[in-house]
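Topology and contacts: notes
Next come the chains, spelled out residue by residue.
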Amino acid sequence: MLWDFDYFWGVRKKALTIFLFLVALAAGNDAAAQIIDDTTKVLYGPRTTLRLYEQDVLEGRYVEQRVDTSIHNMHNERYWYEDTTYHKHLGNVATAAQPLLFRMPEKIGVRLGRNTFDRYAYDPERINYYDTRSPYSHLHYVQGQLGEQVFEAIYARNIKPNWNVGVAYKILSANKQIGPSSRGLRGDRLINNQAVKAFTHYQSPNKRYDLFANYTHMNQEHVETGGIKPSTTDTIISPDIIRYNENEIWLNQAASQEYRNNYHLLQIFKLAGEDLKLYHQFDMRRQRNLYQDDGVSSLEFYPDTLFSRRKTDDRTNYREVQNVFGVTGNSKYSFYKAYLKQRTAAMDYSVHQLENAVEATLLESDRITNLLAGGQLRLQYENKAVLQVDGEFQITKDYNVSGLIYFEGLQFKMARVLRSPSLLEQRLLSNHFDWQHNFNTSVTDRLQVNYTGKLGGRQYLKFMAHYTNIKRHIFFNEQAVPEQLAGSQRFYGGQLEHRIRFGAFHLDNFVAYTNTDQAETIRIPEWFGNSKAYLQGNLFKKALYAQLGVELHVNTPYFADDYMPVTQQFYLQNSYEVQSYPVIDVFVNADIKTVNLFLKLANATDELLYPAYFVTPGYPGMRRSFVFGLKWMFFD
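Being a predicted model, the structure only gives us computed values, none of them experimental.

Remarks on the overall build of the protein
The helix and strand inventory of the protein stands at 3 helices and 37 strands. Its C-alpha atoms give the protein a radius of gyration of 26 Å, within 12% of the compact-globule value 26 Å for 636 residues. Here the C-alpha coordinates of the protein stretch approximately 80 × 60 × 50 Å along the principal axes. Relative to its 636 residues, the protein shows a buried fraction of 53%.

Here's the deal with the packing of aromatic side chains
In this structure the tally under the stated criterion is 24 aromatic pairs. Summarising the aromatic geometry, the rings of Tyr81 and Tyr120 are spaced 4.9 Å apart at their centres and angled 85° between planes, so their arrangement reads as edge-to-face. Linking Tyr81 in the loop between β2 (65–66) and β3 (87–89) with Tyr120 in the loop between β4 (97–99) and β5 (129–132), this pair joins segments that are 39 residues apart in sequence. Grouping residues by exposure puts Tyr81 and Tyr120 together as buried. Ring centres of Phe102 and Phe491 lie 5.1 Å apart, and the angle between their planes is 75°; this geometry places the pair in the edge-to-face category. In this pair, Phe102 is assigned in the loop between β4 and β5 and Phe491 in strand β27 (residues 488–502), connecting sequence segments 389 residues apart. Overall, the relative accessible area of 24% leaves Phe102 in the partly exposed class. Three or more aromatic residues link up through ring pairs in this structure, and these residues are Tyr129, Tyr130, Tyr136, Phe199, Phe212 and Phe635. We note Arg499 situated over the ring of Tyr460; from NZ or CZ to the ring centre the distance is 4.2 Å. The ring centre of Tyr244 lies 4.3 Å from the NZ or CZ of Arg623, which sits over that ring.

Observations concerning the pattern of salt bridges
Under the definition given, this model contains 20 salt bridges. A salt bridge links Arg319 to Asp348, with the nearest nitrogen and oxygen atoms 2.7 Å apart. Here Arg319 is found in strand β15 (residues 312–330), whereas its partner Asp348 is found in strand β16 (residues 334–355), with 29 residues between them in sequence. For Arg319, a relative accessible area of 29% translates into the label partly exposed.

Topic: the pairing of strand β34 (residues 595–602)
Across 7 bridges, strand β33 (residues 583–592) lies against β34 in antiparallel orientation. Bridge assignment links Val588 to a residue of β34, and that residue is Leu599. Counted between consecutive antiparallel strands, the loop separating β33 from β34 contains 2 residues, among which Lys593 sits at a positive phi close to 55°. As paired strands, β34 and strand β37 (residues 625–634) are joined by 8 bridges and run antiparallel to one another.

With respect to the sheet that holds β2
One open sheet holds the 3 strands; their spatial order is β2-β1-β5, and the pairing between them is antiparallel. Across the chains shown, the open sheet's two edge strands, defined by having one partner strand only, are β2 and β5.

Focus on unusual backbone geometry
The backbone of Arg472 sits at a positive phi, close to 55°, despite the residue not being glycine. Among the structural elements, Arg472 can be located in the loop between β24 (459–471) and β25 (474–476). Taking relative accessible area as the criterion, Arg472 reaches 26% and is therefore assigned partly exposed. Look at Lys593: it is not a glycine, yet its phi comes out positive at around 55°. Position of Lys593 among the secondary structure elements: in the loop between β33 and β34.

Notes on the pairing of strand β8 (residues 163–175)
The pairing of strand β7 (residues 149–160) with β8 spans 11 bridges and is antiparallel. The residue of β8 that forms the bridge with Ala153 is Tyr169. Between the antiparallel neighbours β7 and β8 lie 2 residues. Relative to strand β9 (residues 189–203), β8 runs antiparallel, the two sharing 13 bridges.

Observations concerning a nonpolar patch on the surface
Side chains of Leu377, Leu379, Leu387, Val389, Ile405, Leu410, Phe412, Tyr451, Phe463 and Leu496 sit close together on the surface and give an oily, nonpolar patch of about 830 Å² of accessible area. Taken together, the elements giving at least two residues each to the nonpolar patch come down to β17 (358–381), β18 (385–394) and β20 (410–419). In this structure, Leu496 sits in strand β27.

Description of the environment of Val554
Mapped onto the elements, Val554 comes out in strand β30 (residues 544–555). The partly exposed category is assigned to Val554, whose relative accessible area is 23%. Each C-alpha atom, one on Val554 and one on Thr233, is 30 Å from the other, the two residues being 321 residues apart in sequence. When residues no more than four places from it in sequence are discounted, the contact partners of Val554 are Phe528, Gly529, Ser580, Tyr581 and Pro582.

Describing the confidence of the model for the protein
This prediction gives the protein a mean pLDDT of 90; 91% of its residues lie at or above 70. In this model, residues 17–40 is a region of pLDDT below 50 whose contacts with residues beyond four sequence positions or in other chains number 21 contacts.

The rules behind these values
- Residues numbered from 1 in each chain as written.
- Predicted model: local features only at pLDDT ≥ 70, side-chain atom pairs only at ≥ 80, totals over all residues.
- Heavy atoms only, no water.
- Helix = DSSP H or I, 4+ residues; strand = E, 2+ residues; numbered from the N terminus.
- Rg over C-alpha atoms; globule rule 2.2 N^0.38 Å.
- Buried < 20%, exposed > 50% of the residue type's maximum accessible area, 1.4 Å probe, protein only.
- Phe/Tyr/Trp six-rings, centres within 6.5 Å; stacked < 30°, edge-to-face > 60°.
- Lys NZ or Arg CZ within 6 Å of the ring centre and 35° of its normal.
- Salt bridge = Lys/Arg side-chain N within 4 Å of Asp/Glu carboxyl O.
- Pairing = 2+ DSSP bridges.
- Patch = residues over 30% accessible without salt bridge, like charges linked within 9 Å, V, L, I, M, F, W, Y side chains within 5 Å.
- Areas by Shrake-Rupley, 256 points an atom, 1.4 Å probe, with all protein chains shown as cover.
- Contact = heavy atoms within 4.5 Å.
- pLDDT = per-residue confidence, 0-100.

Structure below.
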């Protein structure tokens, strides 16, 4: 199998113990040397611990923000990950996920196309850099009653006033919710995700040169179940068949792994102040995916076995090196950027082969180089009006262009993306799938209108309407194989976010409508809503700041995409309609000096309408449980 869970769990506990000891030792030493002024007032805190993003510096906005100490949304699972947007997943923490609402494609040219674990990985271009007057660290920990767990530790400090370094370590883990309990090497462990980031920012004493550099790593290990396997007495697929640990599952010896490494570097040199800057960005990334199953003798789940009827051992290894050389500048009323980008990618496929009782490995490789050019021009007047155009063009092929106009909260945007199929959509070599396609480029056009503003002093409103047309859409069909349509997929809709408060009472609402009547391969619920009502304020003479509330998450029934673990892709299905099920969480969030904490009763409405509910066909949502979490910040 892919890994020995007892071994990795033991290593993880040892590494965690060592890491916590070092952080505690550092915090203890710094606390002993804590500097106070003559009034015994502590000098260091959120005001002396600032965050910085490389993109702001590149665009001339050297904006340092206070470190986030808010308790808002800390109980919400979406905010435990790097991507906080709405997703559908396999019913548990850190499982394969895809965005619930449509997103415009961004990356053109060569790309891998395996993105189901993106939301859990550190993004090299969106790393928080720090500027601290004292060492800063925080511990973030979440523990659920059903085995879900989140842990993150961050430590950052300035070596010099113009040079900061930091490191972070994160764990996401979960236990199986379906299928019989196991006493083997894996036990009931479903997910083991570990991630690391190390980062540094240096600015020259004359402030003409900035260097941002980071290393990010993620290792996602996933026991694959294939979802609930209906018994012979289950005549129809419905929530009534969900019996969690009493259910049979499709896969009993399958597991997958995704391993990522990324080295990122951005250098900015001011040739003529903010008017003219040169920059260079370098990225080198590797993504390795493995899928193994020692029990493939039965073809109940898989469409076929092509190379071995005894076991599956599929491996892909993707490497990418990218260099960007550009020029940029900004003033009070404008910003411009122009660049050249070279991207070289290589892909290796490896499949275990059994022929005439002899084991072997089938290998295949591919290498592609892209040259792209792009830029951006933005004209602006204070925060009232903006005119902006963006474009990136692959030489002779793909392109991504957009334009927007903004005035006093109202924004109009048009975008078009023409791009080639991903490497996965074009080629896969596996024990269960073997395809090679020569798809055409697909074209995505989108029109969008946004409005953002305040209504008086108590209300906030954000509205968005959109229309999208996709020509020659590429998707994974009901056989979990990529397919390209000849026609167009058209859909439209709107989103409304509204917040209002009456004294200590707050009501936050989000609703999205999407009409896919002319887009039979785009699977989005027609209506989706999220509503949160809570009381917020100080208690015990301002010693405690707290929120007490309830949150509702619900969508209308729809034929949600199914999931194929071999390819790590969600694919079209028309046999089961995921039902509407109101998921209600009751929570308390609290801020006690440098400690934020929460207690949540998740899925308080469990068994209210149905015995359970599916989030993805075959994968039920979590049962009712208590979840506890805290974030402890150290500023000295």
